[in-house]
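Breakdown of the fold
Residue strings, one per chain:
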Amino acid sequence: MPAVSKGDGMRGLAVFISDIRNCKSKEAEIKRINKELANIRSKFKGDKALDGYSKKKYVCKLLFIFLLGHDIDFGHMEAVNLLSSNKYTEKQIGYLFISVLVNSNSELIRLINNAIKNDLSSRNPTFMCLALHCIANVGSREMAEAFASEIPRILVAGDTMDSVKQSAALCLLRLYKTSPDLVLMGEWTSRVVHLLNDQHMGVVTAAISLITCLSQKNPDEFKTCVSLAVSRLSRIVSSASTDLQDYTYYFVPAPWLSCKLLRLLQCYPPPEDGAVKGRLVECLETILNKAQEPPKSKKVQHSNAKNAILFEAISLIIHYDSEPNLLVRACNQLGQFLQHRETNLRYLALESMCTLASSEFSHEAVKTHIETVINALKTERDVSVRQRAADLLYAMCDRSNAKQIVAEMLSYLETADYSIREEMVLKVAILAEKYAVDYSWYVDTILNLIRIAGDYVSEEVWYRVIQIVINRDDVQGYAAKTVFEALQAPACHENMVKVGGYILGEFGNLIAGDPRSSPLVQFNLLHSKFHLCSVPTRALLLSAYIKFINLFPETKPTIQEVLRCDSQIRNSDVELQQRAVEYLKLSSIASTDVLATVLEEMPPFPERESSILAKLKKKKGPGAVSVTELEDNKREGGELNGSSDRGPDIAAMAASNASTPSPSADLLGIRSAAPVGAAPTSAGSLLVDVFSEAGPAAPSLAVNDDGFLRDLEQPTEASDALLVEGSGDSDSAPPSEDPAAPLSEADELLNKFVCKNNGVLFENQLLQIGIKSEYRQNLGRMYLFYGNKTSVQFASFSTTVTCPGELQSQLNVQTKPVEPIVEGGAQIQQVLNIECLTDFSDAPLLNIKFRYGGALQNLTLKLPVTINKFFQPTEMLSHDFFQRWKQLSQPQQEAQKIFKANHSMDTEVLKAKLLGLGMALLDNVDPNPENYVCAGVIQTKGQQVGCLLRLEPNAQAQMYRLTLRCSKDSVSRRLCELLAQQF
Amino acid sequence: MIKFVLMVNRQGQTRLSRYYQPVELNRRATLEADVVRCCLSRKKEQCSFVEYKDFRLVYRQYAALYIVVGVTDSENELSIYELVHNFVEVLDKYFSRVSELDVSFHLTNSSFLKTTGFVLQIMFNLDRVHIILDEMIQNGHIVETNKSRILAPLTALDKMTSS
């Protein structure tokens, strides 16, 4: 048997450990342990008082059993007793047990604190260290309260032993992290910083962790540490390899301390003091030089220690990002490592270079290593190294090498590890979009992506390619042709079918001239894939078919035949059935003109941040996207989307603008049909479908189109929802039966609906609330759609609408109770009838309560019923306008606000919003064509309130001046408040 | 900072675990099993750093023994990698002296490390291994790297008990 420590033996423990080791099975081990636990328990409970040695032995056994992974629920008291022993070994086992097994909220803390207090004042360094370790390990609030003021004193006292100082430094760090309010550094700051000068390296090593943490929190107070750290580093770097004796590790002087010093410096910008900076640059140069010197030892430990310092120095150089010379040298050094035989070095070099690539000084230098990196991607045997290579390629990509890099990444995808495919796909998609010079290349790339790794192509990626194709008319023909060719493959991915269906449905006409891709050929090709596809894809294909009927009247009989067959019109899936029935009916009763209007080509999508980028940002990782990259992308994305002068709310504008129903509106009974579509279904996109942005009255975006539109818009909605969740957990918090207070973002949500009537009001992980509303005169009707996003039913579902305070006498809202059960995936509808009695400022509150898996959910929102909803537009000529403007000249009738632009100041956007507001936008009225003027009458039951509006943008200053004059002063004020949030 | 240090044998059994951030007991076993699976499945030529959830693992193998360190990204991987070696050298220095085996100091030639004897020593002297580790790392931060200073308290302890 190997020698167990001599002297105190603890033979019983040794025997027990051998027994455990000799156990042949897990069962035998558990049996032996249970026997021992029973034995110890009886000993602890026995009448005979145990001596210190036995107590130690049993506590030690418990500790061992615990370390084998078994739970220990007794012995704590005996361990606490050991603390007051005068024998080091007994005390030490006691502390060890407590550090490992007592968590910070144990009831024993008081007793433990007492023992610690005694040891701290014992002046015995080993006892003091044990006590400090224990405080640090447990780190509870009570311990912090008891000792936080004591420890800094021990740390800086002149007569404290080095080892105690080390423990005190880290103990203080721990307390600072757990209870920063109790650790007041004030008077100690300078003395703590000066520990960097301590002659004992161990003390410096320990203190630097504390100083680093404190500097991160209070950089200004600890600023002086920079020059001290630099001089300390300089002394270490320039010391001969044997100077530091035991702190030299394989001929490298104090490698761990050097790394920590370099890390500390990364908390600060480059030193301002020229001398300090010069000294630091000298250090960094020396470190870089040493990397080129022949090694002092062949041992890998030597080179590892040296390189640890080197990598840390390079991190600092990158952090400063101000010394081009050093940056380029760093890059060259890393370049050498890229081909090193040590995998660890290659891995770290790739990772480090990734950050180097984003510096303007070294970006070009990094690019020179492209071949090596591509080679690494192809030949590295370790997936994590390949992943780093892919990250680096992504980081070094720019317009000059995008084609090469994207091609290499695509070809790597064919063999890439499953674990990293999705991220790779996102990266390729982003690079292709960001650096697309010609869009045919972009389309090719994305289609290749779907071909090679279709399963990993998320919705965001194929949504994006469609958005871009719709917005760029120069690529539409090419896209149609390419996608048509891609669909020829006998087995093609469902995502390809989706993209194909969408693009051919929109732009199939552009390639129909060629007999090889005549309308019928296109249709048959798409339909050959139909039966292999999932429900959402089939739904999309059905929409493509109806678009075909519009594009190519000659396909009508064939398509109607398909729609009419039982597998469509009687499909067990409600969504498919509904689409088949409606499309069939639409194609047979609508005239060609109506059909052409309803099925018009999709309007360009509003410019927005790439949803793919948003997704990649969510995926954590060093290769993820930096802020600058994001901004870059916004800029470039703008280019990509082409017509950036289009407003973000085209659909909303169309919806609220059309106050007169268009002939197609009631053609299909859409208004009643929409809620029917809310049958239980697990596919999220179908559920969302019902909340169509474009209301029933929107002439160019009838329901079929907005099915498409919704499919595409879903990702952004989802990311909005994330924001909402982040700020408002209150929906699940209060378990009370009272209605919850309105969500903190309720006003914000309300503001989104000032200029539009339809959309998603609220969404969290459980529930989605959609709104459709219409107003006429002083009356309004609002449809609320509550969608259960989970697969579990909501029980006791109830909603109440209240008008708080004086709103009660201003607004009349009536509704009927909703069904108390909302099945998983289902949606229910509620209709509100609203009557405006007189003008009002507050919004009605909607409270929703339901039980989800037993937990009561309770949330309150503001319903977007605002005074402007009751506007009737009034057209008038310039002369009339100014006459009335003058009539409303009493000071209280006017409300004015000057504010900074929060959104795009683009003309079209502004017009859309003003129209959405409900007033008439008057042309040729204001002498300054940059300004906007509007007129309207608010209809309430009791009276009519005439309102005039003038909006003066100042593009240079990014400011607006908004003036409202109304016949009633409260209306002026309210409108002014509401509108100032909109622009 | 350092989140934890694990010593695991080739069968995946934990021989020593030290956490510097609270991890609930019932989650430790799962974490350890997961971490061990992560490291044991890797081949020699693969690099010694593994991304694991929101932190990194740095591991090093000594014959049948794996030492795995979980670190946040504020640590330098190579320096942790060598810290592990420094730790093993300290263990070697201490236990080879205690067991009075004639083991050459340089680990690369050390037969001691490659024997199960080394693991046995750790098993039988867990308390001492903990003391050594505590002298080197406190609260997840490196506190001492000088071998003789690391061993000083233990040496004093041994003298006390043998006298």
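Right above here is the structure, for reference.
All of these numbers come straight from a predicted model, not from anything done at the bench. (Residues numbered from 1 in each chain as written. Chains lettered and ligands numbered in written order. Predicted model: local features only at pLDDT ≥ 70, side-chain atom pairs only at ≥ 80, totals over all residues. Heavy atoms only, no water.)

**Section: the overall build of chain A**
Within chain A, the secondary structure is distributed over 43 helices and 16 strands. For chain A, the residues scored as buried account for 59% of the 983 residues in total. Carbon and sulfur atoms provide 50% of the accessible area of chain A, an area that totals close to 40700 Å². (Helix = DSSP H or I, 4+ residues; strand = E, 2+ residues; numbered from the N terminus. Buried < 20%, exposed > 50% of the residue type's maximum accessible area, 1.4 Å probe, protein only. Areas by Shrake-Rupley, 256 points an atom, 1.4 Å probe, with all protein chains shown as cover.)

**Description of the packing of helix α28 (residues 519–530) of chain A against helix α29 (residues 535–551) of chain A**
All names here are of chain A. Two numbers describe how α28 lies on α29: the axes approach to 11 Å, and their chain directions differ by 165°. Classified by the interaxial angle, the pair formed by α28 and α29 is roughly antiparallel. The two elements α28 and α29 cross, and the hand of that crossing is left-handed. For the pair α28 and α29, the contacting residues are P519, Q522, F523, L526, H527 and F530 in the first and R538, L541, L542, Y545 and F548 in the second. For the contact of α28 with α29, the residue count by class is eight nonpolar, two polar and one charged. (Axes fitted to C-alpha atoms, helices over the stretch in contact; angles between N-to-C directions. Parallel < 35°, antiparallel > 145°, perpendicular 65-115°, else oblique. Left-handed = near helix turned anticlockwise from the far one by under 90°. Contact = heavy atoms within 4.5 Å. Nonpolar A, V, L, I, M, F, W, Y, C, P; charged D, E, K, R; others polar.)

**Here we look at the interface of chain B and chain A**
Contacts between chain B and chain A engage 61 residues on the former and 71 residues on the latter. At the boundary of chain B with chain A, the tally comes to four salt bridges. Between D382 of chain A and R42 of chain B there is a salt bridge, and its shortest N-O distance comes to 2.9 Å. Remark: the boundary between chain B and chain A carries 28 residue pairs in polar contact (both at pLDDT 80 or more). Per element, the largest residue contribution to the side of chain B that touches chain A is 10 residues, and it comes from helix α2 (residues 77–98) of chain B. Along the lines of polarity and charge, the residues of the side of chain B that touches chain A split into 17 nonpolar, 21 polar and 23 charged. (Salt bridge = Lys/Arg side-chain N within 4 Å of Asp/Glu carboxyl O. Polar contact = N/O pair within 3.5 Å; in protein donor to acceptor, adjacent residues only side chain to side chain.)

**Quick word on the nonpolar core**
I112, I116, I135, L196 and L449 of chain A together with I2 and I132 of chain B are the most contacted members of the largest nonpolar core, which totals 276 residues. I771, Y775, F797 and L964 of chain A belong to the second-largest nonpolar core, a separate cluster that totals 67 residues. (Core = buried A, V, L, I, M, F, W, Y, C linked by side-chain atoms within 4.5 Å.)

**Observations concerning the sheet that holds strand β5 (residues 779–788) of chain A**
Residue and element names in this part refer to chain A. Spatially, the five strands line up as an open sheet ordered β3-β4-β5-β8-β7, and their pairing is antiparallel. Strands with a single pairing partner mark the edges of an open sheet, and in this sheet they are β3 (759–763) and β7 (811–815). Between one strand axis and the next, the sheet turns through 25° on average, direction left out of account. Direction of pairing for β3 relative to strand β4 (residues 767–776): antiparallel, over a ladder of four bridges. When the sheet's bridge partners are listed, G759 is paired in β4 with I771. (Pairing = 2+ DSSP bridges.)

**Observations concerning unusual backbone geometry**
Positive phi, close to 55°, is recorded for Q958 of chain A, a residue that is not glycine. Locating Q958 of chain A in the fold gives a position in the loop between β15 (944–954) and β16 (959–966). Look at Q958 of chain A and you get partly exposed, because its relative accessible area is 38%. For K53 of chain B, which is not glycine, the phi torsion reads 50° and is therefore positive. Mapped onto the fold, K53 of chain B is located in the loop between β3 (49–52) and β4 (55–62).

**Looking at the pairing of β4 of chain A**
Residue and element names in this part refer to chain A. For β4, the buried fraction is high: eight of the 10 residues fall into the buried class. Between β3 and β4, which pair antiparallel one after the other, the connecting turn spans three residues. Where β4 meets β5, 10 bridges bridge the pair, whose relative direction is antiparallel. Following the sheet pairing, G770 is matched in β5 by F785. Counted along the chain from β4 to the antiparallel partner β5, the turn is two residues long, and its residue Q777 has a positive phi close to 50°.

**A look at the pattern of salt bridges**
Residues and elements named next belong to chain A. In total, this model carries 49 salt bridges over all chains according to the counting rule given. Between K277 and E323 there is a salt bridge, with its nearest N and O atoms 3.2 Å apart. Placement of K277 in helix α15 (residues 274–292) and of E323 in the loop between α16 (300–320) and α17 (324–337) is noted, with a sequence separation of 46 residues between them. Residue class for K277 comes out partly exposed when judged on its relative accessible area of 27%. Given the relative accessible area of 22%, E323 is considered partly exposed. For R388, the salt bridge identified is with D391, shortest N-O distance 2.7 Å.

**Quick word on the environment of Y247 of chain A**
Tracing the chain through its elements places Y247 of chain A in the loop between α13 (225–237) and β1 (248–249). Taking the C-alpha atoms as reference points, Y247 of chain A and M201 of chain A, separated by 46 residues in sequence, lie 7.6 Å from one another. Look past the residues within four positions of Y247 of chain A in its chain and what remains in contact with it is H200, M201, G202, V252, P253, A254 and P255 of chain A together with E144, T145, N146 and R149 of chain B. Engagement of the side chain of Y247 of chain A in a polar contact is seen with the side chain of E144 of chain B, the distance being 2.5 Å.

The quantities given are spatial measurements derived from coordinates; they are silent on function.
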